[in-house]
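# Residue-level structural notes
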Amino acid sequence: MASSKEYLHFILEQLSDLNAVSYRSMMGEFILYYRGKIVGGIYDDRLLVKKTRSALKLMPAAICDLPYEGAKEMLLVDEVDSKVFLAKLFEAMYDELPSPKQKRKNNGVQ
């Protein structure tokens, strides 16, 4: 089941207090980025974030779920109605998230 654009826009509105939140559509779902790092995504109209120490600390009772078969477990965010909580969660997670991989330039040299 693909996620709806309405749910994506709801989540983006909830995150509107943060600068540099973006998304990319991928196979009917949406990958969420914060300041260039992947934080999580929207899968089947559910907000899932990467499993980090800070996310577990803020959501100790969070349900672990798979965004899709074969993926790593992620944490289901229940408090999507709280803009303050979502901003705090994304800020807390940022330093623990891996930096984006640098794209290699291919100048025709093998």
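Everything here concerns the structure above.
Counting of residues starts from 1 at the beginning of each chain's written sequence and follows it residue by residue. Totals for whole chains, interfaces and linings use every residue, but because this is a predicted model, local features are given only for residues with pLDDT of at least 70 and side-chain atom pairs only at 80 or more, for both listing and counting. Hydrogens and water molecules were not included; the side-chain quantities draw on all heavy atoms of the structure.

### What to know about the side chain of S3
For helices the rule is a DSSP run of H or I covering at least 4 residues; for strands it is a run of E covering at least 2, with both sets numbered from the N terminus onward. Within the fold, S3 resides in the segment before α1 (5-14). For each residue, the accessible area found with a 1.4 Å probe, counting protein chains only, is set against the maximum for its type, and the residue is called buried under 20%, exposed over 50%, and partly exposed in between. Judged by its relative accessible area of 9%, S3 is buried. Engagement of the side chain of S3 in a polar contact is seen with the side chain of E29, the distance being 2.5 Å. Residues adjacent in sequence count toward polar contacts only when both atoms are side-chain atoms; beyond that, a polar contact is any pair of N or O atoms within 3.5 Å, and within protein one must be able to donate a hydrogen and the other to accept it. Here the side chain of S3 touches D44 through a polar contact of 3.0 Å, landing on its backbone nitrogen. Residue contacts follow a heavy-atom distance rule, with two residues in contact if any of their heavy atoms lie within 4.5 Å. Those residues within four positions of S3 in sequence are excluded, and the remaining contacts are G28, E29, F30, I42, Y43, D44 and D45.

### With respect to helix α3 (residues 83-94)
For α3, spanning 12 residues, the distance from its first C-alpha to its last is 17 Å, which sits close to the expected 16 Å at 1.5 Å a residue. Its buried side turned inward, α3 meets α1, β2 (29-34), β3 (37-43), β4 (46-49) and α2 (53-58). By this rule, a helix spans an expected 1.5 Å times one less than how many residues it contains.

### As for the packing of aromatic side chains
Here is the rule: rings of Phe, Tyr and Trp (six-membered ring for Trp) pair when centre to centre is within 6.5 Å. Planes less than 30 degrees apart are stacked, more than 60 are edge-to-face, and the remainder are tilted. Considering all chains together, one arrives at 5 aromatic pairs under this definition. Seen from their ring centres, Y34 and F90 are 6.2 Å apart, and the 65 degrees between their planes marks the pair as edge-to-face. A residue pair is termed long-range when its members are at least 10 positions apart, and Y34 in strand β2 and F90 in helix α3 qualify at 56 residues. Here Y34 matches F90 in class, with each residue buried. Residues Y34 and Y94 carry aromatic rings whose centres are separated by 5.7 Å and whose planes lie at 80 degrees to one another, so their mutual orientation is edge-to-face. Note that Y34 is positioned in strand β2 and Y94 in helix α3, a separation of 60 residues in sequence. The exposure class assigned to Y34 is buried, which follows from its relative accessible area of 2%. Through successive ring pairs, a cluster of aromatic residues spans Y34, F90 and Y94. Geometrically, a charge over a ring is one whose NZ (Lys) or CZ (Arg) sits within 6 Å of the ring centre while staying within 35 degrees of the ring normal. Positioned above the aromatic ring of Y94 is the side chain of R35, whose terminal nitrogen or guanidinium carbon lies 3.7 Å from the ring centre.

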